[in-house]
Amino acid sequence: MEALIVLVIITVLLLILGVSAEVLIIGFLGLLGLMMGALFLFFAYCIIRMTQSRKCIGKVGKVDINPKYGFSTPVYEIDGENYENVFPCEVIMKKQLYYEGRECKLLLDKKRSKVFDGNARISSIVGILLSAVSFVMILSYMMEIL
């Protein structure tokens, strides 16, 4: 929310200084393109980490609030050790997906001591596709304007 307020203030200041609407639109599209590129890189990194992880079966131990980030994260028990999921837990179906003792197919990333559950895998695959398409569409629209 704060970023949106800062963006509005900067826009108003640029309009007061006489910057044209076309330049502002190209600037905003460039900013969106950078954000989509960063998202693409993030999801690509996640997919690379998944390819280097080993398949295993684990049980949902609990859902804890991550003190570093402040969101709920499922913790899986694999061979007597606890591993946090890479992504936060789903909010909508939290009780159905993350009940204690549920067995799941996981990808264990020993290097980072994290796991990728099914939701993390789907989110990464869909995320890389959508961010790539969005990046290409924003880039092509910017080329049309220029």
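Residues numbered from 1 in each chain as written. Predicted model: local features only at pLDDT ≥ 70, side-chain atom pairs only at ≥ 80, totals over all residues. Heavy atoms only, no water.

1. Concerning the pattern of salt bridges
Tallied over the entire structure, the rule returns four salt bridges. Close ionic contact of aspartate 64 with lysine 62 constitutes a salt bridge, the shortest N to O distance being 3.5 Å. With a relative accessible area of 30%, aspartate 64 lands in the partly exposed category. (Salt bridge = Lys/Arg side-chain N within 4 Å of Asp/Glu carboxyl O. Buried < 20%, exposed > 50% of the residue type's maximum accessible area, 1.4 Å probe, protein only.)

2. Observations concerning the sheet that holds strand β5 (residues 114–116)
The mixed closed barrel is built from five strands, whose spatial order is β1-β2-β3-β5-β4. Taken pair by pair, the neighbouring strands of this sheet meet at an average axis angle of 55°, ignoring direction. Of the strand pairs in this sheet, strand β4 (residues 103–109) and β5 are connected by three bridges, and their pairing is antiparallel. Considered in β5, the bridge of leucine 107 is made with phenylalanine 116. Seen against the sheet, helix α4 (residues 118–145) touches β3 (81–85), β4 and β5 and runs at an angle of roughly 60° to β4. (Pairing = 2+ DSSP bridges. Helix = DSSP H or I, 4+ residues; strand = E, 2+ residues; numbered from the N terminus. Axes fitted to C-alpha atoms, helices over the stretch in contact; angles between N-to-C directions. Contact = heavy atoms within 4.5 Å.)

3. Some points on the packing of aromatic side chains
Centre distance and the angle of the planes are the two values used to describe a pair of aromatic rings. Tallied over the entire structure, the rule returns two aromatic pairs. In this structure an aromatic cluster arises from ring pairing among Phe42, Phe43 and Phe87. (Phe/Tyr/Trp six-rings, centres within 6.5 Å; stacked < 30°, edge-to-face > 60°.)

4. Remarks on the packing of helix α2 (residues 21–51) against α4
When two helices pack together, you describe them by how their axes are tilted relative to each other and by the distance separating the axes. α4 packs onto α2 with a crossing angle of 155° between their chain directions and a minimal axis gap of 8 Å. In terms of orientation, α2 lies roughly antiparallel with respect to α4. Our pair here, α2 against α4, has a crossing hand that is left-handed. Residue composition of the contact of α2 with α4, grouped by class: 20 nonpolar, eight polar and one charged. (Parallel < 35°, antiparallel > 145°, perpendicular 65-115°, else oblique. Left-handed = near helix turned anticlockwise from the far one by under 90°. Nonpolar A, V, L, I, M, F, W, Y, C, P; charged D, E, K, R; others polar.)

5. Let's talk about unusual backbone geometry
Phi angles above zero are rare outside glycine, and aspartate 79 is one such case at about 55°. As for its position among the elements, aspartate 79 is in the loop between β2 (72–78) and β3. The class for aspartate 79 is exposed, based on a relative accessible area of 69%.

6. Some words on the pairing of β4
Burial runs high along β4: five of the seven residues are buried. Pairing analysis gives six bridges linking strand β1 (residues 54–65) to β4, with the strands arranged antiparallel. In the sheet register, arginine 54 faces β4, and the bridge partner there is leucine 108. The turn joining β4 and β5, which pair antiparallel and follow one another in sequence, is formed by four residues; a positive phi near 55° is taken by serine 113.

7. Some remarks on helix α1 (residues 2–16)
For α1, with 15 residues, the first-to-last C-alpha span of 21 Å sits near the 21 Å given by 1.5 Å per residue. Phi turns positive, to about 95°, at glycine 18, one or two residues after α1. (Expected span 1.5 Å × (residues − 1).)

8. Description of α4
For α4, built from 28 residues, the straight-helix expectation of 40 Å at 1.5 Å per residue is met to within 8% by its first-to-last C-alpha distance of 40 Å. Those residues of α4 lying buried are Ala120, Ser124, Gly127, Ile128, Ser131, Ile138 and Met142. In this fold, the buried residues of α4 make contact with α2, β3 and β5.

9. Here we look at the pairing of β3
Bridge count for β2 against β3 is four bridges, and the pairing is antiparallel. Looking across to β3, one finds that tyrosine 76 is bridged to tyrosine 83. Count of turn residues in the β2/β3 antiparallel hairpin: two residues, of which aspartate 79 carries a positive phi of about 55°. Pairing of β3 with β5, which is carried by two bridges, proceeds in the parallel orientation. Within β5, the position partnered with asparagine 85 by the bridge is valine 115.

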